[in-house]
Amino acid sequence: MPDRRAVLAALGALSITPSVAFGNEYIDLEWTDLVPEGQPALPPVIQDLIQHDGPDMSRQQPVSHGVRTDWNGEIVRLPGFVVPIDYSGTGVTAFILVPFVGACVHVPPPPANQLVFVTTQTPYEGSGLFEAVNVIGMFGTASTSTQLADIAYALSADHIEPF
């Protein structure tokens, strides 16, 4: 588990800026945008079928080959799937945003540069792991390690909506 106070403090600093009116005041990102040029987005090990009763999935996380800093401090929108980390009541307040269903849970996690640690002050009441969402908020590089995976990016969410 990451040092939660350090992660939340770093993400809290990102949330000091005022919320945006969600017109076109954000940059639309795709998962391939997070991977440095010339690097594969999804390594072959993740694309193959995985035995679900095998060893711990986090031990099978492929090595990440760098991050992109182009959008540090920018308001972005990124689609993905929620892997809950922390709750407030029935809503999720911290989660890993992953590029495909089952990442970090049913198959090995993607490389760190394909994972985003999201925090939100307003708990998100989602319908489960198979729901695709759009997350809008302040984006940046922030190395975080959880029991599920190492993560290279962070996003302080101002708005989370079904995809």
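See above for the structure.
Heads up: these notes are all about the structure in this document. (Residues numbered from 1 in each chain as written. Predicted model: local features only at pLDDT ≥ 70, side-chain atom pairs only at ≥ 80, totals over all residues. Heavy atoms only, no water.)

1. Here's the deal with the overall build of the protein
Along its length, the protein carries 2 helices and 6 strands. Ordering the α and β elements of the protein from the N terminus gives α-β-α-β-β-β-β-β. For the protein, the residues scored as buried account for 45% of the 163 residues in total. Here the contacts in the protein between residues at least 6 apart in sequence split such that 73% fall between residues at least 24 apart. Here the protein displays about 8300 Å² of accessible surface, and carbon together with sulfur accounts for 53% of that area. (Helix = DSSP H or I, 4+ residues; strand = E, 2+ residues; numbered from the N terminus. Buried < 20%, exposed > 50% of the residue type's maximum accessible area, 1.4 Å probe, protein only. Contact = heavy atoms within 4.5 Å. Areas by Shrake-Rupley, 256 points an atom, 1.4 Å probe, with all protein chains shown as cover.)

2. A closer look at the side chain of N134
Its place among the elements puts N134 in strand β5 (residues 132-145). Once you skip the residues sitting within four places of it in the chain, N134 turns out to touch R77, L78, P79, H159, I160, E161, P162 and F163.

3. Some points on the nonpolar core
Of all hydrophobic cores here, the largest spans 22 residues; its most connected members are L97, V116 and V135. Taken together, the elements giving at least two residues each to this core come down to β2 (75-88), β3 (91-98), β4 (116-124), β5 and β6 (150-162). With 5 residues, the single largest contributor to this core is β6. In this structure, V98, C104, L115 and I151 belong to the second largest nonpolar core, which totals 13 residues. (Core = buried A, V, L, I, M, F, W, Y, C linked by side-chain atoms within 4.5 Å.)

Without other data, these values stay purely geometric and don't point to any function.
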